[in-house]
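Per-entry structural report
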Amino acid sequence: MNRNRVRELCNTSGRGTYVLYWMQASQRVAWNHALAHAIERANRLDLPVLVYFGLTGGYPEANERHYRFMLEGLQETVQALETLGIGFILRIGQPDMAIAPLLENACELIMDTGYMRIQKQWRSHVLELAKATGYIGVYQVESDVVVPVEVVSNKEEYSARTIRPKLLGQMMDYLEMPKIESPAVPFQIEMPVSGYMAFDIEALLKILDLDTSVGATGLYCGGYKEARRHLEHFLEEKLKNYPLRNHPEYDYMSNMSPYLHFGQIAPAQIVCAVHDYVADNPEAGAGAEGFLEELVVRRELAVNFVHFNPGYDKFEEMTYRWAYETMALHVHDPREYTYSRAELEGAMTHDPYWNASMQEMVKSGKMHTYMRMYWCKKILEWSEDYKTAYETAVHLNNKYFIDGRDPCSYTGIAWCFGKHDRAWKEREISGKLRYMNSNGLKRKFDMAPYVERWT
């Protein structure tokens, strides 16, 4: 494992009866660099490994759809940990608070890495708690990007063009599979810690008192095995056709985004699987190039954005000056159509293509990649003002998408407002922002199958 994935945050360690791994972002066993580091440290110290997961019902904008998918994956992860002789404890509560009793008997703490504001706040607080003990060593390990964020760049990158050579030039140095094995000392310590719960998905969903207005779709189930099933199907049936991925009438999507969002599969593992497949099937090379552009360059550009831009989710701070200037010039342009948030959510517009995309989101928890761009661009055009459009897009995105509330979500919406893009020919309403319309869809694609599929 490349040691640049590991950051030593506190180098004091001493008494303690286990190495504690706080699993929050990397919710898997396979290709989990943080877990591998915890096992390595535990073996050096001749101690067992205890994995902790903090489950809060108050994660911003999350609902039953998101939690059920996550818990399906966690249940599989718990079973895999048990077969390795690794302890697991689930505690209900805010993760940075519920971990406190477990620090009392920990020798060292391993944390994975989160990039959203709340994830950073949790880890910062836990680091303070660990330092306050005076004896816990703390390591943070980056396992949910191919190349660690601050290894790639020390600033917010302007576009895919600027980050691409930095990523691709280092990618091959970070594709080594981490060694996951049974620790030398199995976990056998009884945990007299209040708040422990057995892993029962239905019981947990009831206890969390979630928003149940958006339920599971039935089309996607969580977990590493499901992620691998989708990946293998993508490689065998879709990768060679990936250059046609922008066509809504086809389904050449990988369906990896929900599993990446919850850390149920590692991006580095996907890259290696693609490389291995293309080695035996060179005719899929063009598709692989486009797919890795999305998986590595575009996805990690999104992580760079939220990591270095503290206003990544604020309308006033998420895009460039030229974009704000052009919106200010066109804010009073007359709109042929305006729709309320409720009308948009109900897919009640004049545009059958947009309505189909909204229904795809509600019914499946995903949306065709090209339609995701069109969907957001039309919200911009049909809202009373740009800030309302931005907030509506964020709200609907985070409510219905399984992979909502993550770097790619905020970056994709910001892109519709000029982020990581350039100024285009000036138009009414859109100004110099990139413009998309239904005539373009009809000219480029056969839209009838897509509309029929979702309406």
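Refer to the preceding data block for the structure.
A brief look at the structure comes next.

A word on the overall build of the chain. The helix and strand inventory of the chain stands at 20 helices and six strands. Against the compact-globule benchmark of 23 Å for 455 residues, the chain has a radius of gyration of 23 Å, which places it among compact chains. Structurally, the chain occupies a C-alpha span of about 70 × 50 × 40 Å along its principal axes. Looking at the chain residue by residue over its 455 residues, the buried ones come to 58%. Sequence separation of at least 24 residues holds for 81% of the intrachain contacts in the chain that already meet a minimum separation of 6. With 50 positive and 60 negative side-chain charges, the chain shows a spacing of 4 Å between the two charge centroids.

Attention shifts here to the nonpolar core. Core analysis: the biggest nonpolar cluster contains 154 residues, and Leu20, Leu109, Leu239, Trp375 and Phe417 have the highest contact counts within it. Ranked by residue count, the leading element in this core is helix α12 (residues 285-308), at ten residues. Setting aside residues up to four positions removed in sequence, Leu239 forms contacts with Phe234, Val274, Tyr277, Val278, Ala284, Gly287, Ala288 and Phe291.

What follows deals with the packing of aromatic side chains. With the rule as written, the count across this model stands at 20 aromatic pairs. Ring geometry for Phe69 versus Phe262: centroids 5.6 Å apart, planes at 35°, classification tilted. Placement of the pair is Phe69 in helix α2 (residues 64-83) and Phe262 in the loop between α10 (257-261) and α11 (267-280), with a sequence separation of 193 residues. Judged by its relative accessible area of 2%, Phe69 is buried. Under the relative-accessibility criterion, Phe262 is labelled buried at 6%. Ring geometry for Tyr337 versus Tyr339: centroids 6.3 Å apart, planes at 5°, classification stacked.

Moving on, we come to the side chain of Thr326. Mapped onto the secondary structure, Thr326 falls in helix α13 (residues 321-330). Given a relative accessible area of 3%, Thr326 falls into the buried group. Of the polar contacts made by the side chain of Thr326, one reaches the backbone nitrogen of Lys432; its length is 2.9 Å. When neighbours within four sequence positions are excluded, Thr326 is seen to be in contact with Glu426, Ser430, Gly431, Lys432 and Leu433.

Okay, the pairing of strand β5 (residues 106-111) next. Most of β5 sits inside the fold, with six of its six residues counted as buried. When β5 meets strand β6 (residues 137-141), the two strands line up parallel, connected through four bridges. Across the sheet, Met111 pairs through a bridge with Gln140, a residue of β6. Taking the sense of rotation as the criterion, the β-α-β connection linking β5, helix α5 (residues 117-133) and β6 turns out right-handed.

The subject of this paragraph is the pairing of strand β2 (residues 18-22). Burial of β2 is extensive: five of the five residues sit out of reach of the surface. What you see with β2 is no split at all: Tyr18, Leu20 and Trp22 on one side and Val19 and Tyr21 on the other are buried throughout. As defined by bridge partners, β2 adjoins β5 across five bridges and the pair is classed as parallel. Of the residues in β5, the one forming a bridge with Leu20 is Leu109. Where β2 lies against strand β3 (residues 49-55), four bridges are found, and the strand directions are parallel. Note that in β3 the partner of Leu20 across the bridge is Leu50. The handedness of the β2 to β3 crossover, carried by helix α1 (residues 33-45), is right-handed.

So, about unusual backbone geometry. Only a minority of non-glycine residues have a phi that is not negative, and only a minority of peptide bonds are not trans. With phi around 60°, His420 is a residue other than glycine that occupies positive phi space. Residue placement: His420 occurs in the loop between α18 (407-415) and α19 (438-444). In this model, Ile429 sits at a positive phi of 65°, which is unusual for a non-glycine residue. On the secondary structure map, Ile429 appears in the loop between α18 and α19. Here Ile429 falls in the buried class, since its relative accessible area comes to 7%.

Quick look at α12 now. The α-helix winds at 3.6 residues per turn, so residues separated by three or four positions along the chain end up facing the same way. Here α12 contains 24 residues, and its C-alpha end-to-end distance of 33 Å stays within 8% of the 34 Å for a straight helix at 1.5 Å per residue. At Glu293, α12 is bent by approximately 30°, the largest bend along its length. Burial within α12 is extensive, with 17 of its 24 residues counted as buried.

A few words now on the sheet that holds β2. An order of β1-β6-β5-β2-β3-β4 is seen for the six strands of this open sheet, with the pairing classed as mixed. One side of each edge strand has no neighbouring strand; the edge strands of this open sheet are β1 (6-10) and β4 (87-92). Each strand axis lies, on average, 25° off the axis of its neighbour in the sheet, ignoring direction. In the packing of α5 onto the sheet, the strands contacted are β1, β2, β5 and β6, and the crossing angle to β5 comes to about 165°.

Quick notes on the rules
- Residues numbered from 1 in each chain as written.
- Predicted model: local features only at pLDDT ≥ 70, side-chain atom pairs only at ≥ 80, totals over all residues.
- Heavy atoms only, no water.
- Helix = DSSP H or I, 4+ residues; strand = E, 2+ residues; numbered from the N terminus.
- Rg over C-alpha atoms; globule rule 2.2 N^0.38 Å.
- Buried < 20%, exposed > 50% of the residue type's maximum accessible area, 1.4 Å probe, protein only.
- Contact = heavy atoms within 4.5 Å.
- Lys, Arg positive; Asp, Glu negative; His and termini not counted.
- Charge placed at Lys NZ, Arg CZ, Asp CG, Glu CD.
- Core = buried A, V, L, I, M, F, W, Y, C linked by side-chain atoms within 4.5 Å.
- Phe/Tyr/Trp six-rings, centres within 6.5 Å; stacked < 30°, edge-to-face > 60°.
- Polar contact = N/O pair within 3.5 Å; in protein donor to acceptor, adjacent residues only side chain to side chain.
- Pairing = 2+ DSSP bridges.
- Right-handed = clockwise from strand over helix to strand, strands pointing away.
- Expected span 1.5 Å × (residues − 1).
- Bend = angle between axes of the 7 residues up to and from the residue.
- Axes fitted to C-alpha atoms, helices over the stretch in contact; angles between N-to-C directions.

None of the figures reported here should be taken as evidence of function without further support.
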